[in-house]
Amino acid sequence: MLAVSPAGWHNAGVNRAARPLTATLALLAFVLLTLALTWPMAAHFGSHVPGDGIDDPSLAWNLWWAKHALVDQPQNPFDVRWQFWPVGINLAFYTLTLLNGALGIPIQVAANPVVAYNVLLLSSFALSGLGAYLLCLDALRRMAGDAAARRRAGQVAALLGGALYAFAAPKLFYAALGQGNIASSQWIPFAMLYIVRAALPGGRARDAALAALFVALQAYAELTYATFLALFAAAAALWGLIQTLRTAPGSSTANAARLLGRFLLIALLAGLALTPMLLNMLPDMRAEGNFLTAGGGFADLFSADLAGYLLPTQLHPVFGDVIRGIANDSAPRPDGSHMPVNKGQQIYVGYVVAALAVVALILRAPRGGVKGQRSRGATTVRSAPSPALWRAHYEQEENATIRSEKWFWAVCALAFFVLTLGPSLRVLGHDLGLPLPFALVSRLPFFEGNRYPSRYSVMLLASLAPLVTLGALDITSRLEVSRRAPHAARLLLPVLLVAMLFEHLSTPLPLFDLRVPTLYARVAAEPGDFALLEMPPGWRNGARVAGKQDIVIMQQLWNQSAHGKRVLGGNTSRNPEFKFQYFSEDPTLARLIAQTNAADVPQHDALRAALAATPITDADRARARDWAAFTEIRYVMVHRDVLPAETEAALLDLLPLEEVATEGYLVLYRVTGDLTDPHEFAVGADRGRMALAEGWSSPNISEPAPVEPTPVFAQRREARLLLPLPKGSARIRLNMGALAPNQTATLAVDGRTMGTQPVPDAPGWVAFNVTADPARLPLSDVRLRFGAIRPFAELAQTFSRAGSGGLLVRSAGQETGDFGHIYLDGVEVSPNRRGYNLVALDGTYGRLIDRAAFDTHLDPAASAALAAWINALPAGTVVAGAARDEASMNLTDEAVAALNTLGVTGDLRGRFRWGHAFIGAKDDGWLTPQEALGGVRPAQVSFGLPLSEPQIAAQLFDVVIEPMIQQ
């Protein structure tokens, strides 16, 4: 092939596809390999899925939800109020795998979600192999000639590349973890195929359109991989631009413009296809800020260790024990090193693959076939011995083209290899501190949500596949013309395939039983729209778990596919902090969660003592009954195998429950009595906080509740309430006051505008009439849209001598929120790291002087550093402090004494994972210190208006719902 013009590139295979029969046979081969290499999955097809019970129940739930939202009860599949009930969750930030869900609907109609999950997972392996096979065959045509690609040896070599991508240990490991979304990488090689074709001189708009199609398909199967493809597309565009300028210098500008136009078309079409997902993302990101980075600190644990590339994974049936021993069974070693290999962090490409890739790079690719055959363009010719001049010219042009593509794939493989290593280089669990490019790439928009550097392995394997194909054909072609081993060529490729698959072997694949206990049928049989409370409760995202630290919370979500009722728990990937805190700070749930943690975690001596010292009161019971009625909880399912007896006892004390039935460790309770929905909500106190959704300041957490009515503040133009409106006509009365001039409020119920009213400057009642709606949900989504909003700094009450500023401090241990917030005039100024977060403010003007974080949990030197920091402050300095996660283990007398100089008397020592919030002044009595400690709920103190956002619209005291009598 003389690739010296766009036409030459195009004729060399850009416009050629594998023969249908060849592609069909390849697909059949991959199907058979899939059944064998995922064994014993096929033997339990209708009841079990590959996994460990963590991610697989949730991903199987995705399929049920897709059918439920798209077919059974049509609704926006991203806007979900069937988990995280009643506040709901935006699943645009979750691995919803909506494409898999849509494809699984016909299978669910014929069978069930488990069968659908397994069919889709198996198809991901087979289609991955087919896509990579076509990608390798296409690359082989350019690097070795069309005749070579059409030979049986060329097709078997491409089969080798396809098998690498489909059945490499990293992909099998993700399947074994139950991460079907990460295993759903089948559209990547198809996208890469057409991206490369679009990059070549002579590429077509059709190639760009198909590339965009497969990028979009991959995004709806697993969004993270779409960002990886964006990196590959950028590399391909650069490579294609270089080739365009080299092969067609006479018309370089026009050809370059056409190439860039094709890649712009890819971006536009892919962006258009992703519009539904992006439209569901943007409102939350606009309102809540960028929360995609939550949990990014785990990147070091989910990075590939360089040493891990040398050994098969721990799922290997022969060598698995070796890697477990080297990795200390994934546990931290006494020297502090840590080599986790149990969650897919270890990447292994294999010695066969590495050797074939090296061969491809160092040997000149065979052209055409054997015995002197060569391919020029689309025509195969037999070459006679050539004059030296002709041969030199031919090889110069040909080798330049071959080297270009070979090194393109090599550079891509190298780049993705480096990205798998994460933010810094780790060898045998030791962090060498050498910074790597992942830290920079992860700062790019949408890339920052990927906290698993090891997932870049999918691109590494796809980039290696063409080199493996070429290397295998190189060796085979040389053996074919060898006089000593002409017959060895026939056996080489099958031997290489078996050897490669053996290196990546991950059998038997672990399975998880997804059969739902029959007791849930009792809940399913109850008519009506209501909620099931599963105990223990739990909410999970990609960074932390609120509630019970157990895989049972994932199984509870899957159980919804059998009973079909709303559940309070849930699982997502990324979410605003409020989505967890709505539940964690509810007084009833907070008590039950604390009771569970106190029994589960031995270090919680102080929490156990605090709970024992505060028995459940009649006020707690009344509040719990209101909460159960508000959330429409009709049944409670208790998992006695993981729920402490103390928690079940507290549950029975808080709520009126009667036992319905038992099944093994499960106990089903029914809520008894005529629980009436509350119709009055003092939103600033615990009794009414359940009505508050997004957009409001945090209610008062102090105990006992304040005597005077306490307001909450609307911090956005649109603030949300959850209200149990009747299906008939009703009136909503709001006791509120304006904090912006000429304020108005427009009220909307479930998306329908009910009217606009002026808001009085002094607190007073504002009323809205709500029309009847027979289809109204148990809780309505009520929005208040304000006509004006103003900066908080203009209204902030005083905490400083100069009369300016407002300060809010919120502190939460790991189980109650895991944050250490300090807001100055509604703007976060805290470092918000583990341990103590301190902020120093000028006592005269309230200006920020300094801030620092001290890890008094794990750093033995942190207490001394904290004391030195405080002691260096001038007298009169205001200091706000918030403990995050855990701050007690390395807290010393020296640090406590330094805190005492601020007027702070609380001592976290012995209070494992408690929150500690305070505002004090250094050696100066002008300011009365405020301080709170909490192990059940976050600790909170404030001076001025307690806002967590820098603007304000109105204050709200009470909400009253009045049914209207029909005339």
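Predicted model, so just to flag it, every value in this text is computed and none were measured.

1. Observations concerning the sheet that holds strand 12 (residues 566–567)
So, point 1. As summarised here, the arrangement of the 5 strands in space is 12-9-14-16-15, forming an open sheet in which the pairing is mixed. Each edge of the open sheet carries a strand with a single partner, namely strand 12 and strand 15 (657–663).
So, point 2. Bridging between strand 9 (residues 531–535) and strand 14 (residues 633–639) involves 5 bridges; their strand directions are parallel. Across the sheet, Leu532 pairs through a bridge with Tyr635, a residue of strand 14.

2. Quick look at the pairing of strand 7 (residues 430–435)
So, point 1. By the criterion of burial, strand 7 is predominantly exposed, with just 0 of the 6 residues buried.
So, point 2. Strand direction decides the pairing type here: strand 6 (residues 424–427) and strand 7, joined by 3 bridges, are antiparallel. When the bridges of strand 7 are listed, Val427 appears paired with His430.
So, point 3. Here strand 6 folds back onto strand 7 in antiparallel fashion, the turn holding 2 residues, of which Leu428 has a positive phi close to 55 degrees.

3. Considering the environment of Val766
So, point 1. Here Val766 shows up in strand 23 (residues 764–770).
So, point 2. The exposure class assigned to Val766 is buried, which follows from its relative accessible area of 4%.
So, point 3. Along the primary structure Val766 and Leu947 are separated by 181 residues, whereas in three dimensions their C-alpha atoms are 23 Å apart.
So, point 4. In contact with Val766, not counting residues within four places along its chain, are Ile732, Arg733, Leu734, Met736, Gln757, Pro758, Val759 and Pro760.

4. Remarks on the environment of Phe943
So, point 1. Tracing the backbone through its elements, the reader meets Phe943 in strand 34 (residues 939–943).
So, point 2. Overall, Phe943 belongs to the buried group, its relative accessible area being 16%.
So, point 3. Between the C-alpha atom of Phe943 and that of Phe78, which follows or precedes it by 865 residues, the distance is 39 Å.

5. Structural notes on the confidence of the model for the protein chain
So, point 1. Averaged over every residue, the pLDDT of the protein chain is 89; the share at 70 or more is 90%.
So, point 2. Taken as a whole, residues 1–17 scores under 50 in pLDDT and shows 61 contacts with residues more than four places along the chain or in a different chain.
So, point 3. Ignoring residues within four places in sequence, the model shows residues 389–395, a span with pLDDT below 50, making 10 contacts including any to other chains.

6. What about the packing of helix 5 (residues 113–144) against helix 8 (residues 169–176)?
So, point 1. Relative orientation of the contacting elements helix 5 and helix 8 amounts to 170 degrees, with a least axis distance of 12 Å. The pairing of helix 5 with helix 8 is recorded here as roughly antiparallel in orientation. Across the interface between the two elements, Leu121, Ser124, Phe125 and Ser128 of helix 5 pack against Lys171, Leu172 and Ala175 of helix 8.
So, point 2. When its residues are assigned to classes, the contact of helix 5 with helix 8 shows 4 nonpolar, 2 polar and 1 charged.

7. Here's the deal with the pattern of salt bridges
Where side chains of opposite charge bring their charged atoms close, a pairing between them can arise.
So, point 1. Within the structure shown, the criterion is met by 40 salt bridges.
So, point 2. The salt bridge partner of Asp146 is Arg141, with a shortest N-O separation of 3.3 Å.
So, point 3. When its relative accessible area of 6% is taken as the criterion, Asp146 is described as buried.
So, point 4. When the shortest N-O distance is used, the salt bridge between Asp818 and Arg884 registers 3.2 Å. Within this pair, whereas Asp818 is found in the loop between strand 26 (807–813) and strand 27 (819–824), its partner Arg884 is found in strand 31 (residues 878–885), the two being separated by 66 residues in sequence.
So, point 5. Each of Lys579, Glu694, Glu718, Arg720, Asp781, Arg783 and Arg785 takes part in salt bridges that share partners, so that together they form one network.

8. Some remarks on the packing of helix 5 against helix 19 (residues 457–480)
So, point 1. Their axes nearest at 9 Å, the elements helix 5 and helix 19 cross at an angle of 55 degrees. As far as their axial angle goes, helix 19 and helix 5 are oblique. Helix 19 is crossed by helix 5, and the crossing has right-handed handedness. Taking contact as the criterion, the partners of Leu135, Cys136, Ala139, Leu140, Met143 and Ala144 in helix 5 are, on helix 19, Ala462, Ala465, Pro466, Thr469, Leu470 and Leu473.
So, point 2. Tallied by class, residues from the contact of helix 5 with helix 19 come to 11 nonpolar, 1 polar and no charged.

9. Notes on the packing of aromatic side chains
So, point 1. Scanning the model with the defined rule gives 30 aromatic pairs in all.
So, point 2. Look at Phe232 and Phe408: their rings are 5.8 Å apart centre to centre, the planes differ by 55 degrees, and that puts the pair in the tilted class. Taken together, the residues span a long stretch of sequence, with Phe232 in helix 12 (residues 223–247) and Phe408 in helix 17 (residues 388–420) at a distance of 176 residues. For the pair Phe232 and Phe408, one class covers both residues: buried.
So, point 3. An aromatic cluster of three or more residues is present, and its members are Phe84, Trp539, Phe578, Phe580, Tyr582 and Phe583.
So, point 4. One Lys or Arg, Arg566, reaches over the ring of Trp85 and ends 4.7 Å from the middle of that ring.
So, point 5. The ring centre of Trp914 lies 5.4 Å from the NZ or CZ of Arg911, which sits over that ring.

Each value, and the rule that gives it
- Residues numbered from 1 in each chain as written.
- Predicted model: local features only at pLDDT ≥ 70, side-chain atom pairs only at ≥ 80, totals over all residues.
- Heavy atoms only, no water.
- Pairing = 2+ DSSP bridges.
- Helix = DSSP H or I, 4+ residues; strand = E, 2+ residues; numbered from the N terminus.
- Buried < 20%, exposed > 50% of the residue type's maximum accessible area, 1.4 Å probe, protein only.
- Contact = heavy atoms within 4.5 Å.
- pLDDT = per-residue confidence, 0-100.
- Axes fitted to C-alpha atoms, helices over the stretch in contact; angles between N-to-C directions.
- Parallel < 35°, antiparallel > 145°, perpendicular 65-115°, else oblique.
- Nonpolar A, V, L, I, M, F, W, Y, C, P; charged D, E, K, R; others polar.
- Salt bridge = Lys/Arg side-chain N within 4 Å of Asp/Glu carboxyl O.
- Left-handed = near helix turned anticlockwise from the far one by under 90°.
- Phe/Tyr/Trp six-rings, centres within 6.5 Å; stacked < 30°, edge-to-face > 60°.
- Lys NZ or Arg CZ within 6 Å of the ring centre and 35° of its normal.

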